[in-house]
Amino acid sequence: MEIDLDRLQAFEDQLNPAAPDQGTVPVQILGYGEISAVFRIESMPDIAFKRLPPFPSPQQRTAYQNVIETYIHTLRQQLDVDVVASQCVTIDNRDGEYILYVAQPILPAGTVGNQFLRRASAAEYEAFWRELLRHLFRIWRKNAADGPGELIGIDAQVSNWAVKADGHKITLQYFDITTPFLRHFGKEMLNPEIFLKAVPSFLVWLVRWAFLQDVLDRYYDLRSVLIDCLANLYKEKLAERLPIALRIVNDVLQTEARDLGIKPISEQELRKYYKEDAFIWTIFLAFRRLDRFLKTRLLGKKYQFILPGPIER
Ligand SMILES: Nc1ncnc2c1ncn2[C@@H]1O[C@H](COP(=O)(O)OP(=O)(O)OP(=O)(O)O)[C@@H](O)[C@H]1O
Ligand SMILES: [Mg+2]
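Quick summary incoming for the structure in this document. (Residues numbered from 1 in each chain as written. Chains lettered and ligands numbered in written order. Predicted model: local features only at pLDDT ≥ 70, side-chain atom pairs only at ≥ 80, totals over all residues. Heavy atoms only, no water.)

### Some remarks on the sheet that holds strand 11 (residues 187–188)
Point 1. Read across the open sheet, the three strands follow the order 7-10-11; overall the sheet is antiparallel. Of all the strands in the sheet, just strand 7 (151–152) and strand 11 have a single pairing partner and so form its edges.
Point 2. Two elements, strand 10 (residues 182–184) and strand 11, share two bridges in a ladder whose sense is antiparallel. Bridging from a neighbouring strand, Arg183 pairs with Glu188 of strand 11. (Pairing = 2+ DSSP bridges. Helix = DSSP H or I, 4+ residues; strand = E, 2+ residues; numbered from the N terminus.)

Below you can see the structure in the form of structure tokens.
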């Protein structure tokens, strides 16, 4: 990966997070997350740049970068999860903000899990789920052995994996490493306050009190991770193929993964979860847009976060 730091600096310096595609540097937006936004800058077309929201100090940025690097190292070395090449780049922008980018090679079109599954044959579809489960079981068997001293969590949604298909053989590469879930004796290694930075100030107390711990806990609990991953198929327009995935998951939970002691998952549970989840995020996004409006239009301030446009469900 050849990163042209001057160009990245120039991009960052002209970036208006309230309107990321309307600057002077041509850019394509590849994805929006709760935390990061993913860009392809025209002059470096082979690289995906994930931009994290500004950090309050260089020290906090370094700390966050260290957790990302430890997370990648743990996945690769201890869990045999292939992680897409990822390089952290720090930039101080002209407004004096401390920015962190994670650069990755652009994945070939059609290889991100959600795209792949839409066109997969029945055999490929099944192989994908078996491979995904194999990775997750390895993670949770390690957690059973090493917890609570060291726990690792993961957001296993299908849009976080790149797929390589070779006949019926499917291999997966993980790439969503900008939110590294690592806990030592119950203490989150990443500073969860970074999540709160994106929350409108009038909601911080509510989110801290009602959701934050809950949302983080979800990624350390295998059953919750599976429910989140399966329910996300509704959003990904893969609902038609959901019953097959669910059958595979339940089947494997009762056979190969019996030792993990996880109760089967029902379709009803998935529908209920999806409805609640969609509701919470829709409300939350509406509040963030309101917050952006207040800051930029009424107060004339810079709004630091990049919000998605309308979300298709
Ligand atoms: N290396 C890449 N090449 C091509 N597209 C990518 C790449 N990385 C991410 N994307 C696109 O951007 C989307 C979001 O990326 P990713 O999952 O890494 O971050 P996120 O979900 O926004 O993360 P978070 O909310 O954890 O910060 C992906 O689903 C994919 O469509
Ligand atoms: Mg993601």
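From this point on, the discussion continues.
### Looking at the site of ligand 1
Point 1. Near ligand 1 there are 20 residues, and of these Gly33, Ser36, Lys50, Leu107 and Thr179 occur at the shortest range.
Point 2. Between ligand 1 and Asp176, the relevant distance is 3.0 Å, taken from an oxygen atom to a side-chain nitrogen or oxygen of the residue.
Point 3. Thr178 is positioned such that a nitrogen or oxygen atom in its side chain is 3.1 Å from an oxygen atom of ligand 1.
Point 4. Within the residue set of the shell around ligand 1, elements represented by two or more residues are strand 1 (27–32), strand 3 (47–51) and strand 6 (98–105).
Point 5. Broken down by class, the residue content of the shell around ligand 1 amounts to nine nonpolar, eight polar and three charged. (Near = heavy atom within 4 Å. Polar contact = N/O pair within 3.5 Å; in protein donor to acceptor, adjacent residues only side chain to side chain. Nonpolar A, V, L, I, M, F, W, Y, C, P; charged D, E, K, R; others polar.)

### Things to note about the pattern of salt bridges
Point 1. Evaluation of the coordinates by the stated rule reveals 21 salt bridges.
Point 2. Residue Lys302 pairs with Glu97 through a salt bridge whose shortest N-O separation is 3.2 Å. Of this pair, Lys302 sits in the segment after helix 10 (267–298) while Glu97 sits in the loop between strand 5 (87–92) and strand 6, and the two are 205 residues apart along the sequence.
Point 3. Look at Glu97 and you get buried, because its relative accessible area is 11%. (Salt bridge = Lys/Arg side-chain N within 4 Å of Asp/Glu carboxyl O. Buried < 20%, exposed > 50% of the residue type's maximum accessible area, 1.4 Å probe, protein only.)

### A few points about the packing of aromatic side chains
Point 1. In the structure shown here, the tally under the stated rule is nine aromatic pairs.
Point 2. Plain terms: the ring middles of Phe55 and Tyr64 are 5.4 Å apart, the flat faces sit at 55° to each other, and that makes the pair tilted. Across the pair, exposure class does not vary: Phe55 and Tyr64 are buried alike.
Point 3. The ring of Tyr220 has Arg183 sitting right over it, with the charged end atom 4.0 Å from the ring centre. (Phe/Tyr/Trp six-rings, centres within 6.5 Å; stacked < 30°, edge-to-face > 60°. Lys NZ or Arg CZ within 6 Å of the ring centre and 35° of its normal.)

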